[in-house]
Amino acid sequence: MKGNIEAIILGNIRPSFIKIRAIALCEEYPDQFSPNDGRPICNCDSVHKCVDCDEVMVFDGNRQLCEKADKVSKCKPMHKCEDCDHVVTYKKDQKQCGYKGCKGKFSAPFSKNGFTDPYQPHNNSFDHNKKLVEKFTDLSVWSEELKKDVLVNKRMRNWIAGYITRYKQRRVD
């Protein structure tokens, strides 16, 4: 009898506990998890990457500078002379060009190679649901050292996201 009980309990977590949490999340956030009526795979905002440092950020068509751009990063901020088109590394106090006697002014700082085209951050329902489970549950905690949320229980997140994905797909079919 003991062997059968261990087969049902997943790492000391009962499957019914996973199911209860998954269904509660689907009821609390009905239009967030995928597949949904809006988009079958992902309803997150489009993102794009900095070509220089691969930093992923929410897409902004007017963005000129990477969020991580500074003097020591891979994507150094640049600026360009508006008269002679001379491009140099951005310096806060540098207002005029001076290249070959030019007196032109510099543009606002920008990333040297720009950004990729916008794309959806998740290419399947399961990946999208994993991120939402992290966001809407207590499976990640704030780390002062890293200054961001850190996932505490990856296995539990995957179980819940897997159940949600199967549950949502069954409801759509």
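Look up: the structure comes first, before these words.
Everything quoted here is computed from the prediction, not taken from an experiment. (Residues numbered from 1 in each chain as written. Predicted model: local features only at pLDDT ≥ 70, side-chain atom pairs only at ≥ 80, totals over all residues. Heavy atoms only, no water.)

**A look at the overall build of the protein**
Along the backbone of the protein there are four helices and seven strands. Listing the helices and strands of the protein from first to last along the sequence gives α-α-β-β-β-β-β-α-β-β-α. Across the 173 residues in the protein, those meeting the buried criterion constitute 31%. Across the protein, every contact between residues at least 6 apart in sequence was considered, and the portion connecting residues at least 24 apart equals 56%. When the accessible surface of the protein is split by element, carbon and sulfur atoms take 50% of a total near 11,800 Å². (Helix = DSSP H or I, 4+ residues; strand = E, 2+ residues; numbered from the N terminus. Buried < 20%, exposed > 50% of the residue type's maximum accessible area, 1.4 Å probe, protein only. Contact = heavy atoms within 4.5 Å. Areas by Shrake-Rupley, 256 points an atom, 1.4 Å probe, with all protein chains shown as cover.)

**Concerning the environment of Phe33**
Turning to its location among the elements, Phe33 is positioned in the loop between helix 2 (15–28) and strand 1 (47–49). Relative accessible area serves as the criterion here: at 0%, Phe33 is assigned to the buried category. Here the alpha-carbon distance between Phe33 and Lys130, two residues 97 residues apart in the chain, equals 9.4 Å. Residues in contact with Phe33, not counting those within four places in the same chain, are Leu25, Cys26, His128, Asn129, Leu132, Val133, Phe136, Ile164 and Lys168.

**So, the nonpolar core**
With 14 residues, the main nonpolar core has Leu25, Phe33, Val133, Ile160 and Ile164 as its most contacted residues. Every element with two or more residues in this core is listed here: helix 2, helix 3 (125–136) and helix 4 (154–172). Sort the elements by how many residues they give to this core and helix 4 lands first, with six residues. Leaving out residues up to four positions away in the same chain, Val133 has contacts with Leu25, Phe33, Leu139, Arg157, Ile160, Ala161 and Ile164. (Core = buried A, V, L, I, M, F, W, Y, C linked by side-chain atoms within 4.5 Å.)

**Details of helix 2**
End to end, helix 2 covers 20 Å across 14 residues, agreeing with the expected 20 Å (1.5 Å per residue, within 8%). Those residues of helix 2 that sit buried are Ile18, Ala22, Leu25 and Cys26. Along the long axis of helix 2, the arc covered by the buried residues comes to 100°, so they all point the same way. For helix 2, the exposed residues set more than 90 degrees away from the buried face come down to Ile20, Glu27 and Glu28. (Expected span 1.5 Å × (residues − 1). Arc of directions from axis to C-beta.)

**Points about the environment of Val87**
Counting through the fold element by element, Val87 comes out in strand 4 (residues 87–89). Assessed through its relative accessible area of 39%, Val87 is described here as partly exposed. Once the C-alpha coordinates of Val87 and Ser107 are considered, the two residues, 20 residues apart in sequence, prove to be 9.6 Å apart. In contact with Val87, not counting residues within four places along its chain, are Met78, His79, Lys80 and Phe110.

**Describing the sheet that holds strand 5 (residues 110–111)**
Within the open sheet, the three strands sit side by side as 4-3-5. Their pairing is antiparallel. Each end of this open sheet is capped by a strand with a single partner; those strands are strand 4 and strand 5. Here strand 3 (residues 77–80) runs beside strand 4; their pairing, made up of three bridges, is antiparallel. Looking across to strand 4, one finds that Met78 is bridged to Thr89. (Pairing = 2+ DSSP bridges.)

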